[in-house]
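Residue-level listing of the chains:
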Amino acid sequence: MKIPATVDVMHLFQILIPGCGLLALLVFLADGIQFILRQRWPVYQAGRPPIVCLARLKYIGSLGFFMAPYHFLHEAHASFDDFWLQFSVRNYRVLAVFGEEARNAFFTNKNLSLHNGYGLLNPAIRSLRPAERKKGADTHAWFVRKFVRTDFLESSLAHVLSDSSKDLDPWGSQGVMDPFVSLHKLVFQAVTRFVVGNELANDPRKIETVVNAFHHLQKGSTPASLLFPWFPTPARVRRIFAGFTLYRIISKAIKSRRQTGEFHQDILQTLLDETEEQLDDTRIMKLLLLSIFVAATNTAAVLAWLHIYMDQNAAWKAQVISEMDSFLAENTGSSSSFLEALMVVPLAVWEHALPTLEQCLEETIRLRLIGALLRRNVGEDIMVGSHTIHRDDFVTYMSVNAHLNESIYPNPHCFDPSRSHHDGHAERLGFLGWGAGHHPCTGQRLAKIMTKIISVLILSRFTLEAITLITLY
């Protein structure tokens with residue numbers, strides 16, 4: 001059933017008689033009634049197919065998207081097939097786009113900004129978002145390309161192996177662990193070593209402090225903090241103190257390097273020596289923190305799911321272990337300890353080794369990366385078919401519509417690393433795990449190396465077995 005667009009009753013009352021308590025109550029009730037009606041009979045905008053305007057509350061927007069973005073969009077999409085959806089987050093207009101044409105525009109249009117998009121729901125990302133480069137390119141992408149250089153990665157490999165091995169010692173010979181907690185610590189230590197260097201990674205107490213600070217930053221990004229950013233909720237207060245803590249620790253490392261004049265072959269040194277961009281300490285700090293935040297959060301979660309999927313798919317796990325045994329036999333000799341032998345394995349060998357583990361990693365990403373991706377139009381209006389994405393509009397695309405699409409991946413819910421995630425899917429942008437179009441994942445190389453190093457150390461020392469039933473599909 002279609003009904004015409006309704007008058008904004010709340011705005012009308014505000015114009016006629018401002019400050020009236022009774023009318024304010026009536027306005028609130030009217031807005032609530034309108035919200036309920038929109039849920040039952042949504043408004044349609046012109047277009048082929050039309051855009052469905054979902055229910056919203058004045059000043060708040062579509063509450064369901066704050067609480068659970070994936071379920072909100074999944075349920076709405078199930079109700080309206082491939083119709084585009086329009087809803088609000090506070091006073092921002094958001095378009096949920098569907099279909100192959102929309103997917104192509106979402107990933108290939110240069111006006112759709114990734115960093116501006118994710119600031120919608122994540123204040124931590126918004127506050128750390130770097131400025132644009134003088135040449136117009138994205139600063140963070142430029143920065144990541146700098147530190148995934150072979151010489152930087154090779155200079156940190158031995159340290160990362162040593163750090164990870166020490167972090168595994170407390171696991172003992174047997175016990176119970178939560179992979180989403182234990183593996184997060186391993187990844188965080190490795191990322192910090194690659195990104196910031198020795199000043200931070202060599203001090204376990206500083207690492208623990210930074211881990212806790214990032215934890216509070218994430219926990220502070222609650223629906224309440226987004227709806228009422230000015231209200232001093234406990235989570236917001238902890239997020240503010242976490243920000244100060246991170247600023248203090250990172251800025252101290254930067255100042256120490258500047259004052260001592262010591263040279264280290266790491267990314268921090270590169271940023272300090274950069275002349276073209278003329279980076280001040282604040283920009284350097286934002287780049288470092290954003291990289292740690294993104295890499296540690298995404299890679300740690302995927303690594304945990306990788307080992308869960310392998311545990312519940314014995315044939316693939318056996319193949320990975322067989323490959324690992326061959327890799328270790330070829331690269332570790334009797335003349336040195338196991339860890340010392342791994343420390344001298346060249347980066348190129350790590351990158352080309354363990355292809356089955358890499359296949360399992362990409363299949364894990366396909367199955368778990370099914371949420372709402374975000375962009376914001378920072379340029380001129382964009383036409384996609386008969387629809388317009390206006391300047392400043394936020395746009396979201398559900399990666400589940402590609403990753404669990406039966407026309408792209410037969411039997412899509414099945415864990416099957418043998419399937420190709422690239423051949424034949426490039427033009428359709430069927431695999432989005434490493435980014436796509438104008439937004440490739442510039443940290444892909446680092447993520448794969450960390451996954452291989454940590455997985456080899458774990459599988460060579462421990463036998464992992466799930467003791468709690470986990471629903472995978």
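Provided above is the structure to which this section pertains.
Residues numbered from 1 in each chain as written. Predicted model: local features only at pLDDT ≥ 70, side-chain atom pairs only at ≥ 80, totals over all residues. Heavy atoms only, no water.

Draft legend 1. Spatial organisation of unusual backbone geometry. One non-glycine residue, Leu-354, lies in the positive phi region at around 55°. If you trace the backbone, Leu-354 turns up in the loop between helix H19 (347-352) and helix H20 (355-368). The backbone of Asp-392 shows a phi angle near 75°, a positive value even though the residue is not glycine. When you line up the elements, Asp-392 lands in the loop between strand S8 (387-389) and strand S9 (394-398). (Helix = DSSP H or I, 4+ residues; strand = E, 2+ residues; numbered from the N terminus.)

Draft legend 2. How the structure looks around the packing of helix H10 (residues 179-195) against helix H12 (residues 204-219). Relative orientation of the contacting elements H10 and H12 amounts to 110°, with a least axis distance of 11 Å. Comparing their axes, H12 and H10 come out roughly perpendicular. Seen from above, H10 lies across H12 with right-handed handedness. Together, His-184, Phe-188, Gln-189 and Thr-192 of H10 and Ile-207, Val-210, Val-211 and Phe-214 of H12 make up the contact between the two elements. Classifying every residue of the contact of H10 with H12 by side-chain character gives five nonpolar, three polar and no charged. (Axes fitted to C-alpha atoms, helices over the stretch in contact; angles between N-to-C directions. Parallel < 35°, antiparallel > 145°, perpendicular 65-115°, else oblique. Left-handed = near helix turned anticlockwise from the far one by under 90°. Contact = heavy atoms within 4.5 Å. Nonpolar A, V, L, I, M, F, W, Y, C, P; charged D, E, K, R; others polar.)

Draft legend 3. Just a nonpolar patch on the surface, in detail. On the surface, Val-237, Ile-240, Phe-241 and Phe-244 cluster together into a nonpolar patch covering about 400 Å² of accessible area. In this fold, Phe-244 is placed in helix H14 (residues 234-260). The class of Phe-244 is exposed, set by a relative accessible area of 57%. (Patch = residues over 30% accessible without salt bridge, like charges linked within 9 Å, V, L, I, M, F, W, Y side chains within 5 Å. Areas by Shrake-Rupley, 256 points an atom, 1.4 Å probe, with all protein chains shown as cover. Salt bridge = Lys/Arg side-chain N within 4 Å of Asp/Glu carboxyl O. Buried < 20%, exposed > 50% of the residue type's maximum accessible area, 1.4 Å probe, protein only.)

Draft legend 4. Structural context of the packing of aromatic side chains. One pass over the structure, following the stated rule, counts 11 aromatic pairs. Taking the centre distance of 5.5 Å and the plane angle of 65° together, the rings of Phe-188 and Phe-214 count as edge-to-face. In this pair, Phe-188 is assigned in helix H10 and Phe-214 in helix H12, connecting sequence segments 26 residues apart. Under the relative-accessibility criterion, Phe-214 is labelled buried at 3%. Ring centres of Tyr-309 and Phe-415 lie 5.1 Å apart, and the angle between their planes is 10°; this geometry places the pair in the stacked category. Taken together, the positions of Tyr-309 in helix H16 (residues 281-311) and Phe-415 in the loop between helix H21 (400-403) and strand S10 (435-436) put the pair 106 residues apart, joining distant regions of the chain. Here a set of aromatic residues connected by ring pairs shows up, and it is made of Phe-180, Trp-305, Tyr-309 and Phe-415. Lying across the ring of Tyr-409, Arg-366 places its NZ or CZ 4.9 Å from the centre. In this structure, Arg-368 packs its charged tip against the face of Trp-305, placed 3.8 Å from the ring centre. (Phe/Tyr/Trp six-rings, centres within 6.5 Å; stacked < 30°, edge-to-face > 60°. Lys NZ or Arg CZ within 6 Å of the ring centre and 35° of its normal.)

Draft legend 5. Region of the structure containing the pairing of strand S4 (residues 92-97). In terms of strand pairing, strand S3 (residues 84-89) meets S4 through five bridges, oriented antiparallel. Its bridge partner lying in S4, Gln-86 is registered against Leu-95. Counting the residues between successive antiparallel strands, the hairpin from S3 to S4 contains two residues, one of them, Arg-90, with a positive phi of roughly 55°. Bridging between S4 and S9 involves four bridges; their strand directions are parallel. Residue pairing across strands places Val-94 opposite Phe-394, the latter belonging to S9. (Pairing = 2+ DSSP bridges.)

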